[in-house]
Amino acid sequence: MSELRDWAGLPDGLLHSVITLLGSFPDLLTFAATCCSWRAAFSSFPSKSTFYTLFPPLLLQPNVPFCSPRPFPNVARNAFVPKRPCYVTDLASQDTLLCSHIPLLSIDYGNNCPPNALDKFAFRGASFGHMIFSWNRSCFVFDVFTGIDVSPPLLPVDEYTEIYYGAALTAPPSSPNSYLIVSTASSNFFWHVGSNSWLKRSPRSGALDKFVVFKGQVYGMGSDRRLFMVHLTPQIRLQKIPVSWGGRNSMTKWHFSTPWLVVCGDMLLMVGCRNCFPGTGDVFEAYRLDTSTEPAKWVKVEKLENWAIFISMDERVQPLSCMNPERWGGRSNCVYCYDSGHLVPFELGKPLQGDAIKPDVFIFICCGSMVQPIWMVPSMFSLC
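All values reported here derive from a predicted model rather than from experimental measurement.

Cut-offs and rules
- Residues numbered from 1 in each chain as written.
- Predicted model: local features only at pLDDT ≥ 70, side-chain atom pairs only at ≥ 80, totals over all residues.
- Heavy atoms only, no water.
- Pairing = 2+ DSSP bridges.
- Helix = DSSP H or I, 4+ residues; strand = E, 2+ residues; numbered from the N terminus.
- Axes fitted to C-alpha atoms, helices over the stretch in contact; angles between N-to-C directions.
- 1 Å grid on protein atoms, 1.4 Å probe; cavity = no way out; pocket = protein on both sides within 12 Å on 5 of 7 lines; lining within 4 Å.
- Points joined across faces, edges and corners; volume = space filled by probe spheres on them.
- Nonpolar A, V, L, I, M, F, W, Y, C, P; charged D, E, K, R; others polar.
- Core = buried A, V, L, I, M, F, W, Y, C linked by side-chain atoms within 4.5 Å.
- Buried < 20%, exposed > 50% of the residue type's maximum accessible area, 1.4 Å probe, protein only.
- Contact = heavy atoms within 4.5 Å.
- Arc of directions from axis to C-beta.
- Parallel < 35°, antiparallel > 145°, perpendicular 65-115°, else oblique.
- Polar contact = N/O pair within 3.5 Å; in protein donor to acceptor, adjacent residues only side chain to side chain.

(A) Looking closely at the sheet that holds strand β10 (residues 188-192). With respect to topology, 4 strands assemble into an open sheet ordered β8-β9-β10-β11, the strand pairing being antiparallel. A single partner strand is all that each edge strand has here, and the edge strands are β8 (167-169) and β11 (199-201). For this sheet the average axis-to-axis angle between neighbouring strands, irrespective of direction, equals 20°. Bridge count for strand β9 (residues 179-183) against β10 is 5 bridges, and the pairing is antiparallel. Directly across from Y179, in β10, lies its bridge partner H192.

(B) Local environment of empty space enclosed by the protein. One pass over the full model with this rule turns up 4 cavities of 30 Å³ or more. When its volume is computed, the largest cavity comes out at roughly 130 Å³. Around the largest cavity, the lining comprises 17 residues; the ones closest to its centre are D209, K210, F211, R316 and Q318. With 3 residues, strand β12 (residues 208-214) is the largest single contributor of residues to the lining of the largest cavity. Looking at the lining of the largest cavity residue by residue, the classes come out as 9 nonpolar, 4 polar and 4 charged. A volume near 110 Å³ is recorded for the second largest cavity.

(C) Representation of the sheet that holds strand β15 (residues 237-241) in the model. Taking strand neighbours across the sheet as the criterion, the 4 strands line up as β12-β13-β14-β15 in an open arrangement whose pairing is antiparallel. The two strands at the open ends of the sheet, each matched to only one other strand, are β12 and β15. For this sheet, the mean inter-axis angle between neighbouring strands, taken without regard to orientation, is 30°. In terms of strand pairing, strand β13 (residues 217-222) meets strand β14 (residues 227-231) through 4 bridges, oriented antiparallel. From the neighbouring strand, Y219 faces β14, where its bridge partner is M229.

(D) How the structure looks around the nonpolar core. By size, the foremost hydrophobic cluster in this structure holds 52 residues, and its most contacted members are L60, M131 and F133. Here this core gets 5 residues from one element, more than from any other, and that element is helix α3 (residues 25-32). Residues in contact with M131, not counting those within four places in the same chain, are L60, I102, F123, G125, A126, F140, V141, F142, V144, V371, I374 and M376. If you look at the next biggest cluster of nonpolar residues, it comprises 27 residues, including I132, F190, W198 and L232.

(E) Region of the structure containing helix α2 (residues 12-19). Along α2, the residues classified as buried are L15, H16 and I19. Taken down its axis, α2 places every buried residue within 105° of arc, on the same side. Where α2 is buried, its residues contact α3, α4 (36-43) and α5 (51-54).

(F) Inspection of the packing of α3 against α4 at higher detail. Between α3 and α4, the least distance of the axes is 7 Å, while the angle of their chain directions is 130°. By the criterion of interaxial angle, the relationship of α3 to α4 is oblique. Of the residues in α4, those touching α3 at L28, F31 and A32 are W38, R39 and F42. Residues that form the contact of α3 with α4 fall into these classes: 5 nonpolar, no polar and 1 charged.

(G) Fine view of the packing of α2 against α4. Across the interface, α2 lies against α4 with an axial gap of 9 Å and an inter-helix angle of 70°. It follows that α2 is roughly perpendicular to α4 by the angle criterion. Note on element contacts: α4 touches α2 through S37, W38, A41 and F42, opposite D12, L15, H16 and I19. Taken together, the residues of the contact of α2 with α4 sort by class into 5 nonpolar, 2 polar and 1 charged.

(H) Fine view of the side chain of E285. Among the secondary structure elements, E285 is positioned in strand β19 (residues 284-290). For E285, a relative accessible area of 14% corresponds to the buried category. Within polar-contact distance, the side chain of E285 engages the side chain of Y287 at 3.0 Å. If sequence neighbours within four positions are ignored, E285 has contacts with H255, F256, M270, V271, G272, K300 and L348.

(I) Layout of the environment of H231. With respect to the element layout, H231 can be found in strand β14. On the accessibility criterion, H231 (15% relative accessible area) is buried. For H231 and Y219, which are 12 residues apart along the polypeptide, the C-alpha to C-alpha distance reads 8.7 Å. Residues contacting H231, with those up to four places away along its chain left out, are Q217, I236, R237 and Q239. Side-chain polar atoms of H231 contact the side chain of Q239, separated by 2.6 Å.

(J) View of α3. Buried residues dominate α3, accounting for 6 of its 8 residues. Inspection of α3 places F25, P26, L28, L29, F31 and A32 among the buried residues, and these make up the whole buried set.

Quick look at the structure:
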């Protein structure tokens, strides 16, 4: 017992030097879960948000019959939300499989539904380490890495309104600038986490369904590729950004089948592929938002330099990025997708080539009600 007290009494400066040597998100979470003083040292670490881009995101795989004996560190027990096992794959630790849990939904089981499953709730999106679920007017936000859930008030919509189009957070729920945004066919609803009501905004061109935080500012984009700045204070306001598609190598609004917004360092990128379901022979391209001109314009990016991008199998989940992926055996200038147990790197601007093991690749990226394999980062490493 005295040895444990000695470890717990190590000075913050020494503990901070240990933190800089850790090599993955699970390692960091295990460190923070060791004892109260180590968690306090982790919380006071001056630049823990940099880990967000130094390590690859974690791959959540929902459809597993049972969990491995190695649990994910720092998972709280929440008896109010029934859960089922899932794997969390850590690329930075030789593809280590860890065990976590996500909400148990009846839709995932069909006619063989467990009696305690959440009836009629469906998956709507994920961001900042949280998954978002809804049914009718009800929503809840679930932290995959702590097991804690947050429930907003009932949505001010009728029973026929669907938020199938997606949902996202602007920051982790613990942050003072955290809003939950849900999208219907024509409107966006904003809930300031902890408040008692929703606010509604209805852009003329339809609801925004893609969101990203870039340099502290929330940006949103609708299905028509129009770009907006989303101002949350002093009141919620959607400001349309005029953007041209200039340059010899520029694209048109409808160049991508599904575009995504993603941040790579000081670049806000629109990334996409012409095919709805990327596969062998398909090409991913990226365009950088250049705000040095009026109007702003999308400029084609030939290389991602030392960045890699990760796209989930649900198009409503925001892509994530990682710097210097060679640190864990990855490749820069690639867009990573997941396909049936395989990590598929699309080199930017070049068609994907098959190999002897998997000559034909087909990435099924959907927008359904069931949880698909998705990339996530624990909320405590958020840039916000």
